[in-house]
Amino acid sequence: MGRVVLVTGVSRDIGRRFARTAAADPSIDRVIGVDVVPPRGDIGGVSFVRADIRNPVISKVIAKEDVDTVVHMSVIATPGSAGGRNTMKELNVIGTMQLLAACQAAPGVRRLVVKSTTTVYGASSRDPAMFTEDMGPKRLPRSGYAKDVNEVEGYVRGFARRRPDVAVVMLRAANVIGPHVVSPITSYFRLPVVPTVLGFDPRLQFLHEDDLLAVLRHAATTEISGTFNVAGDGVLMLSQALRRLERTSVPLPGFAVGRTGSVLRSARLADFSPEQIGFLTFGRGVDTTRMRTDLDFHPRFTTAGAFEDFAASLGVTPRVRGGGVHA
Amino acid sequence: MPDSRPGPEPANEPEQGADVIPIGTSGRPGRGSGRARPSESARNLAGPRRTPRSKPPASPGPPPADAPVEPVETPVEPSPEPPAATSSTSAADRDPTAGIPAGDWLDAFKQAAMELFDDDWERRLAEFLAFLRRRLEGGYAVDEYGFDQEMTERFFLAALRPIAEKWFRIEVRGVENIPAEGGALIVSNHSGTVPVDGLMTMAVVHDRTGRFLRPLAADLIFRLPAVSSLARRSGATLACSEDAERMLRGGELVGVWPEGFKGIGKPFSERYKLQRFGRGGFVSAALRTGVPIVPLSVVGAEEIYPLVGNLPSLARLLGVPYIPITPLFPWLGPLGLVPLPSKWLVEFGEPIRTDAYDPAEAEDPMLVFNVTDQVRETIQQTLYALLRERGPVFG
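Since we're looking at a predicted model, the values are computed, not measured.

Caption draft 1: Here's a closer look at the overall build of chain A. Per the secondary structure count, chain A includes 12 helices and 13 strands. Since a compact globule built from 327 residues should have a radius of gyration of about 20 Å, the 19 Å found for chain A is in line with a globular shape. Overall size of chain A, expressed as C-alpha extent along the three principal axes, is 55 × 45 × 40 Å. Out of the 327 residues in chain A, the part that is buried amounts to 56%. At a minimum sequence separation of 6, the contacts of chain A that also span at least 24 residues come to 78%. Entry remark: accessible area of chain A is about 13,200 Å², with carbon and sulfur atoms responsible for 54%. One way to put it: in chain A the 41 positive side-chain charges average out to a point 6 Å from where the 31 negative ones average out.

Structure, rendered in structure tokens:
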């Protein structure tokens, strides 16, 4: 009996592309894409089901299609794309709750893969240099994406307790970057003049979009379970990244960056959020030892290599050599 | 300028063989060399290079009319034929828009480079330009803690070195106690109102052993703008057990000041009295990773900013541990920030081995307290011995 994979959040680019690559994978028989709105691009061999994960219809889809693997990637980072913070929160938290409830009721489900993010670790001056998977945030987030992700992870842990027979993989991905990614961090780097926080130079880690797709597929098809940080090797300082991007930066005091951020948000130029300002002040590093040893996943791009690829898509010729892509 | 006539070239202008041409017009006024022949360095650019002279010309003073213009070291045979070029200088050639010939610019540049980088200037200059380019393009690498080795070595430690050597005249003992490789934990007393002792220890350790000391810093450091990015760049990380153990496992030489703010912020009257050594977290980190603990005693840092007063309420308002008042600060304004030039003695004690213990014994609080006390007592006794030895504070 082959695998039937259900992918949530296929209307967004990363979700759609993952569903397509999964459909092309010979070890996967069927891929069912679920979202509220139909995906805009080519979905290849994916069968799309228009369903809202916020209501119990989803459990019918899982039962009817005999789904054994669920890949949940519809946790969204910005209110802009969802149409407001309330909708975003509902999609993220209520959607996850409904989906997990449906999975719990479906005896056929064997694997659950959740795309989480390193944002759960927060960013503060008390952070250790590198977070490992068993560390938590030093300050619990009180709002926004970080809080949503924290709650989502909490529900997923609860589900893993209640259904020990289901292998649950939680992938905490670093900031995904690449030529096609539209996210707060890429729109930040796409600004012609980039505001930075005066006197701080955060450490950044990136994950290339291709590596994200690869790790999701790897997690959906192997037998391993657990929580894993996923990021490219090495770190980049923000100042270094901006130099490599040949962008001008304007150092502003922290509060002014926040103000600029909300202006940019209302002008729909970039999506700034409070947790992003914390990130751009203190930075974050995650330890990826477990990703290599336990999950046995080796990203193709280093942090610097992923950034170089992103920079090339903005028309910046890479002048900095070395350590880009692993062969 | 005695030789003020814009006259023709001296007859014995060497045609070839001279390597060094002084800046500009050989000391004569007027622009351009007035020669039809391209300058020496312009010719050098085309032909095979000669090795550059090690010494720049001694003085730009005007040479005697019949002496060779260039004070070269190799004997130069005067040219057999009379210089034909000099008379061909026309008014058009003297046009100021023609400016200084590129060759002369190159010469001047070469001279300046030699002044700046001496003998090996070509390689050094190339290195420097490559360095500049790397910085501007962001082509350097940092480690996972944000440590920028190149920047630290070239700027940060280079700036600290003269302070350590000339201002504080630091005398170092027991450098051989620092392991040449592998993880080790240097534990030091902390004093001086501002953590200058940490910076000096970093400079001393790198100068004497070539290793980089990775300091564990309080979280206040990472909250302050500018200080935070400088701290990460120079190799510091947060003083927490996760980072300490990670660095020690990675084989780094880690520096810790367990007294923390209680140490640097203590009043001058309590100088050289060690405060509580935290909760012994540094000992458990060393026990878990099995690295040696090197006790370090620093004498001299107490006197650089004698803390005679404190503004606790203002400090609480600003969220800092204390606001110092020293005999010079804030009365003299920025001048009060200049540390007093006390004489420093720095002694690295014999390493305390922890690899004999089982890593699980890090959970034994009694053992941790005992080792903490041992380290603290060693440092305190060494401090007393060094103080007796030092003599006058500013001597």
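Caption draft 2: The domain arrangement of chain B, seen in detail. Residues and elements named next belong to chain B. When the domains of chain B are assigned, the result is domain 1 (105-137) and domain 2 (149-304 + 339-390). Look at where the C-alpha atoms of domain 1 and domain 2 centre, and you get two points 37 Å apart. Contacts between the two partners involve five residues from domain 1, matched on the other side by five residues from domain 2. Together, the buried faces of domain 1 and domain 2 total about 460 Å²; carbon and sulfur atoms form 44% of this surface. The largest per-residue losses of area from domain 1 upon contact with domain 2 belong to Phe131, Arg134 and Arg135, which jointly make up 85% of the total buried on that side.

Caption draft 3: Quick look at the sheet that holds strand β5 (residues 253-256) of chain B. Residue and element names in this part refer to chain B. Pairing in this open sheet of seven strands is mixed, and the strands run β1-β9-β6-β2-β5-β3-β4 from one edge to the other. Both edges of this open sheet fall to β1 (171-173) and β4 (237-238), since each of them pairs with a single strand only. Of the pairings in the sheet, the one linking strand β3 (residues 213-217) to β4 comprises two bridges and is parallel in character. The partner of Ala217 across the bridge, within β4, is Leu238. The strands touched by helix α5 (residues 196-209) are β1, β2 (184-188), β3, β5, β6 (293-299) and β9 (345-348); relative to β3, the strand with the most contacts, the crossing angle is about 165°.

Caption draft 4: Seen up close, the nonpolar core. Formed by 38 residues in total, the largest nonpolar core has its most connected members in Leu6(A), Ile62(A), Val70(A), Leu112(A) and Val156(A). For this core, the secondary structure elements donating two or more residues are β1 (3-8), β2 (28-35), α2 (57-65), α4 (85-105), β5 (111-117), α5 (144-162) and β6 (167-173) of chain A. Ranked by the residues each element gives to this core, the list is headed by α4(A), at six residues. Setting aside chain neighbours within four positions, we find Leu6(A) in contact with Ile32(A), Val34(A), Val61(A), Ile62(A), Val67(A), Thr69(A), Val70(A), Val71(A) and Leu99(A). Counting residues in each nonpolar core, the second largest holds 32 residues, with Ala129(A), Ala285(B), Val299(B) and Val371(B) among its members.

Caption draft 5: Structural view of the packing of helix α4 (residues 149-167) of chain B against α5(B). Residue and element names in this part refer to chain B. Between α4 and α5, whose axes approach to 9 Å, the crossing angle comes to 100°. Considering the angle they form, α4 stands roughly perpendicular to α5. Taking contact as the criterion, the partners of Glu153, Phe156, Leu157, Leu160, Arg161, Ile163, Ala164 and Glu165 in α4 are, on α5, Leu199, Met200, Met202, Ala203, His206 and Asp207. By residue class, the composition of the contact of α4 with α5 is nine nonpolar, one polar and four charged.

Caption draft 6: Fine view of the sheet that holds β6(A). Residue and element names in this part refer to chain A. Spatially, the seven strands line up as an open sheet ordered β3-β2-β1-β4-β5-β6-β11, and their pairing is parallel. What marks the edges here is a single partner per strand, and that holds for β3 (47-50) and β11 (226-230). If you compare each strand with its neighbour and ignore which way they point, the axes differ by 20° on average. Summarising the sheet, β6 and β11 pair through five bridges and their orientation is parallel. Looking at the pairing, Leu171 lines up with Phe228 of β11. On top of the sheet, helix α1 (residues 13-24) reaches β1, β2 and β4 (69-72); it is set at about 165° to β2, its chief contact.

Caption draft 7: Fine view of α5(A). Over its 19 residues, α5(A) runs 27 Å from end to end, which matches the ideal 27 Å to within 8%, given 1.5 Å per residue. Where α5(A) is buried, its residues contact α4, β5, β6 and α10 (274-282) of chain A.

Caption draft 8: Layout of the packing of α4(A) against α5(A). Residue and element names in this part refer to chain A. One can describe the packing of α4 onto α5 by two numbers: an axis separation of 10 Å at closest approach and a directional angle of 5°. By the angle class used here, α4 and α5 are roughly parallel. The segment α4 lies against α5, with Arg85, Met88, Lys89, Asn92, Val93, Thr96, Met97, Leu100, Cys103 and Gln104 engaging Gly144, Tyr145, Lys147, Asp148, Glu151, Val152, Tyr155, Val156, Phe159 and Arg162. Among the residues making up the contact of α4 with α5, the classes are represented as 10 nonpolar, four polar and six charged.

Caption draft 9: Structural view of the UniProt feature "domain: Phospholipid/glycerol acyltransferase" (unreviewed entry) in chain B. Per the UniProt entry, the sites bearing "domain: Phospholipid/glycerol acyltransferase" (unreviewed entry) are residues 184-301 of chain B in this numbering. Spanning residues 184-301 of chain B, this segment combines 41% helix with 19% strand, and its end C-alpha atoms are found 23 Å apart.

Caption draft 10: Examining the packing of aromatic side chains more closely. This model, assessed by the stated rule, comprises 13 aromatic pairs over all chains. Their ring planes at 35° and their centres at 5.8 Å tell us that Phe131(B) and Phe155(B) sit as a pair that is tilted. In this pair, Phe131(B) is assigned in helix α3 (residues 121-137) and Phe155(B) in helix α4, connecting sequence segments 24 residues apart. Taking the relative accessible area as the measure of exposure, Phe131(B) reaches 2% and is therefore buried. When the centroid spacing of 5.9 Å and the interplanar angle of 70° are considered together, the rings of Phe277(B) and Phe282(B) count as edge-to-face. Each member of the pair Phe277(B) and Phe282(B) is classed as buried. Put simply, the rings of Tyr188(A), Phe189(A), Phe206(A), Phe307(A) and Phe310(A) pair up and form one aromatic cluster.

Caption draft 11: Structural view of the interface of chain A and chain B. Chain A puts 23 residues into the contact, and the matching count from chain B is 28 residues. Across the interface of chain A and chain B, roughly 2,100 Å² is buried in total on both sides, 52% from carbon and sulfur atoms. For the interface between chain A and chain B, the tally reads three salt bridges. Among the ionic pairs, Arg246(B) bridges to Asp287(A), the shortest N-O distance being 2.6 Å. Here the side of chain A that touches chain B takes four residues from helix α8 (residues 238-245) of chain A, the largest share from any one element. Residues that form the side of chain A that touches chain B fall into these classes: 10 nonpolar, four polar and nine charged.

Caption draft 12: Local environment of the environment of Glu127(B). All names here are of chain B. Within the secondary structure, Glu127 sits in helix α3. Glu127 sits in the partly exposed class, given a relative accessible area of 36%. Among the polar contacts listed, one links the side chain of Glu127 to the side chain of Arg123, at a separation of 2.8 Å.

Reading the values: the criteria
- Numbers given for residues are sequential positions, taken from 1 along each chain in its written order.
- Each chain is given a letter, starting from A, and each ligand a number, starting from 1, according to the order in which they appear as written.
- The model is predicted, so local features are restricted to residues of pLDDT at least 70 and side-chain atom pairs to those at 80 or more, both for listing and for counting; the totals for chains, interfaces and linings are taken over all residues.
- By convention in this description, side-chain values take in all heavy atoms of the structure and omit both hydrogens and water.
- By definition, any uninterrupted DSSP run of H or I lasting at least four residues is a helix, any uninterrupted run of E lasting at least two residues is a strand, and each is numbered from the N terminus.
- Between the two quantities, the radius of gyration covers C-alpha atoms and the globule rule is 2.2 Å times the number of residues to the power 0.38.
- Note on classification: 1.4 Å probe, protein chains only; a residue is buried when its accessible area is under 20% of the maximum for its type, exposed when over 50%, partly exposed between these limits.
- We call two residues contacting when some pair of their heavy atoms lies within 4.5 Å.
- Per-residue and other accessible areas follow the Shrake-Rupley method at a 1.4 Å probe size, with only the shown protein chains counted as cover for residues.
- In this tally, Asp and Glu contribute negative charge and Lys and Arg positive charge; neither His nor the terminal groups of the chain are included.
- To locate a charge, take NZ of a lysine, CZ of an arginine, CG of an aspartate or CD of a glutamate.
- Domain extents, as shown, originate in an automatic or database domain assignment.
- Accessible area that two parts lose when put together, evaluated with a 1.4 Å probe and summed over both, is termed the buried area.
- A pair of strands is considered paired only if DSSP assigns at least 2 bridges between the two.
- The convention used is that axes are lines fitted to C-alpha atoms, helices contributing only their stretch in contact, and that angles between N-to-C directions extend from 0 to 180 degrees.
- We call a set of buried Ala, Val, Leu, Ile, Met, Phe, Trp, Tyr and Cys residues a nonpolar core when their side-chain atoms join them within 4.5 Å.
- Roughly parallel here means an angle under 35 degrees, roughly antiparallel means over 145, roughly perpendicular means 65 to 115, and every remaining angle is called oblique.
- Gly counts as polar in this scheme, as do all residues outside two lists: the nonpolar Ala, Val, Leu, Ile, Met, Phe, Trp, Tyr, Cys and Pro, and the charged Asp, Glu, Lys and Arg.
- The span you would expect from a helix comes to 1.5 Å times its residue count less one.
- UniProt positions are given in the numbering used here, feature names are shortened, and annotations may be inferred rather than shown by experiment.
- The pairing test for Phe, Tyr and Trp rings, Trp by its six-membered ring, is centres within 6.5 Å, and the orientation test on the planes gives stacked under 30 degrees, edge-to-face over 60, and tilted for anything in between.
- We define a salt bridge as a contact between a side-chain nitrogen of Lys or Arg and a carboxyl oxygen of Asp or Glu at a distance within 4 Å.
- Throughout this description, a polar contact denotes any pair of N or O atoms lying within 3.5 Å of each other; where both atoms belong to protein, one of them has to be capable of donating a hydrogen while the other can accept it, and for residues adjacent in sequence the pair is counted only when both atoms sit in side chains.

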